[in-house]
Amino acid sequence: MGFTVYNTLTRRKELFKPLKDNTAGIYTCGPTVYLFAHIGNMRTYIFEDGLVRALKFFGYSVKRVMNITDVGHLVSDSDEGEDKMEVGARREGKSAWDIAKFYTEAFFKDYKALNCLMPDVLCPATEYIREMIELVLALEKKGFTYRTGDGVYFDTARLPDYGKLAGKSHMEGIQEGARVEVNAEKRNPHDFALWKFSPAGEKRQMEWPSPWGTGFPGWHIECSAMAMKHLGGTIDIHCGGEDHVAIHHTNEIAQSEAATGKPFANYWMHGRFLVTGDTGKMSKSAGGFLTVSTLPEKGYDPLAYRYYCFLTHYRKQLEFTWEGLEAAARGLDGLRGLAEKLRTEVTGEPPAADRDAKYFKDFKEALADDVNLPEALAGLWETLKNFSIPAPQRLAFALAAEEVLALGLFSAKERQELPAELAALIKEREAARKAKDFKRSDELRKALAGKGVLIEDVPGGTRWKLSRG
Ligand code: AMP
Ligand code: ZN
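Owing to the predicted nature of the structure, the values given are computational and were not obtained by experimental measurement. (Residues numbered from 1 in each chain as written. Chains lettered and ligands numbered in written order. Predicted model: local features only at pLDDT ≥ 70, side-chain atom pairs only at ≥ 80, totals over all residues. Heavy atoms only, no water.)

Student: Is there a simple way to explain the site of ligand 1 in this structure?
Tutor: Not every one of the 16 residues close to ligand 1 is listed here, only the nearest: T32, G40, T44, D243 and K284. Within the contact set of ligand 1, a nitrogen atom lies 2.7 Å away from a side-chain nitrogen or oxygen of T44. At a threshold of 2 Å from the grid points, most atoms of ligand 1 map onto the largest pocket. Elements represented by at least two residues in the shell around ligand 1 include exactly α1 (39-57) and β10 (235-241). In terms of residue count, the dominant contributor to the shell around ligand 1 is α1 (four residues). A class-by-class count of the residues in the shell around ligand 1 yields five nonpolar, nine polar and two charged. (Near = heavy atom within 4 Å. Polar contact = N/O pair within 3.5 Å; in protein donor to acceptor, adjacent residues only side chain to side chain. 1 Å grid on protein atoms, 1.4 Å probe; cavity = no way out; pocket = protein on both sides within 12 Å on 5 of 7 lines; lining within 4 Å. Sits in = over half its atoms within 2 Å of the grid points. Helix = DSSP H or I, 4+ residues; strand = E, 2+ residues; numbered from the N terminus. Nonpolar A, V, L, I, M, F, W, Y, C, P; charged D, E, K, R; others polar.)

Student: Explain the environment of V275 here, please?
Tutor: For V275, the position within the fold is in strand β12 (residues 274-276). Sequence spacing of V275 and Q317 is 42 residues, and the spatial spacing of their C-alpha atoms is 7.2 Å. In this structure, V275 is in contact with G280, K281, M282, Q317, L318, E319 and F320, ignoring residues within four places of it in sequence. (Contact = heavy atoms within 4.5 Å.)

Student: How do you make sense of the sheet that holds strand β5 (residues 121-124) when you look at a structure like this?
Tutor: For sheets, the rule is that strands pair by backbone hydrogen bonds, running either parallel or antiparallel. Across the sheet, which stays open at both edges, the five strands sit in the order β5-β4-β3-β10-β11 with parallel pairing between neighbours. The open sheet has two edge strands with one neighbour each: β5 and β11 (265-271). Neighbour-to-neighbour, the strand axes of this sheet turn through a mean angle of 20°, independent of strand direction. Alignment of strand β3 (residues 23-28) against strand β4 (residues 61-68), held across six bridges, turns out to be parallel. Paired with G25 across the bridge in β4 is K63. The strands that helix α3 (residues 96-113) touches are β4 and β5; relative to β4, the one it contacts most, it runs at about 145°. (Pairing = 2+ DSSP bridges. Axes fitted to C-alpha atoms, helices over the stretch in contact; angles between N-to-C directions.)

Student: I tried to follow the coordination of the zinc ion (ligand 2) on my own but got confused; where do I start?
Tutor: Geometrically, a metal with four donors at the corners of a regular tetrahedron has ideal angles of 109.5 degrees, and one with six donors at the corners of a regular octahedron has ideal angles of 90 or 180 degrees. For the zinc ion (ligand 2), the protein coordination sphere consists of C29 (SG), C223 (SG), H248 (NE2) and E252 (OE), at 2.1 to 2.6 Å. Taken together, the four donor atoms coordinating the zinc ion (ligand 2) span angles of 73 to 131° at the metal, a pattern that classifies the geometry as irregular. Donor residues for the zinc ion (ligand 2) sit on one chain with the sequence pattern C-x193-C-x24-H-x3-E. Of the two residues, C29 is situated in the loop between β3 and α1 and E252 in helix α7 (residues 245-260); the sequence distance between them amounts to 223 residues. Each member of the pair, C29 together with E252, is buried. (Donors = N, O, S within 2.8 Å, 3.2 Å for Na, K, Ca; no water. Tetrahedral: all angles 85-135°; square planar, octahedral: opposite > 155°, others 65-115°. Buried < 20%, exposed > 50% of the residue type's maximum accessible area, 1.4 Å probe, protein only.)

See the structure below:
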């Protein structure tokens, strides 16, 4: 069975053919570490984790590289305004370096809570300045650059297929929008900075010497230099969120292909956004966003959010609602219940999964169909509930599926089991509620909260969660 993915570049689903045997080299754009990542950002990383795990399930040996943007991402994606890192530093009265360290750690705490596998290579942009300068030199040598008063720019007019990722009409739309640009020295509104100079008479916190003057790299050059360093001139798959198509990835392609004369990536995969009803797309700059770390405070296991993301295909927009998350949390509880029951039912080691069984093939087929996790998940549900399949086989399948889904299907028990004393308090509170003794039920709620157990009344009963993740 071949593995197919939707390629933004060709606008169709294609059979995945790696450059080398059964290896898959994947580059995923990482976080800009000037602020906490929100659950929207995390939707993109959950999609990428699903892709990596699905490829592994198919026997590919995956090398995944992720950058950390710790310099050069300006407030406007088109090279204008301040560096986001310096904005963060000023906001918190810390150095840009401290800001980067703090938010990188915060990011990976959330990332791990979502059961996302750590990348094989993690590269902070500030550690690859030499490679970036070399890439700009190569472009300069080939005549793709020009200088302005504030930096070295890529001359997009020199590249006939510039903008191929986003498509012509899309690029024209951006061109219209870009007319109001402030940088009059640019030859073309699409041109972008490869290297920016530190402002005259000002010492930036993050700056380096270069053949053109002291300054810092453009955001796009970071990814090209690090991707090529770790994965070679052409990589198998490059991923990111949908916002990267028109500018960031378009420019990564332009500068990489201009430098090497080779395709930069064979497959481009983009996840659609998580949006909210009131503010539209969830974004760091708009503020008021939710982070993974706040989910346990609200009574939710971060993996319920992972499950929530898997209910919608990554190429469809997902609207976040609390009702949706609640439904996902219940769904996950249900699935864990089935998995746990099988675990107790089946004595001894489970057998190997039956790879010829229809449900197993269907599961694989769903993964191979552009990582269709909603369908894979639905298949798992159906199979676990199908009592005509022997319990050991169902257990074996659940264990195999967990390798891809990583929903904590078998670690729920420890999490869910409460000390008898607390369980008794919950029971007592339920009885008080039934008897409409709301004063007593409220007291018990508070007592439980004091012991780290959050109670929530939902239609048909009571749900509880530990307040500490
Ligand atoms: P950033 O830290 O802003 O560079 O973004 C990190 C990743 O999150 C990128 O791949 C973005 O495309 C992605 N992203 C940003 N906002 C959202 C959103 N609302 N939903 C899904 N992905 C997003
Ligand atoms: Zn990138």
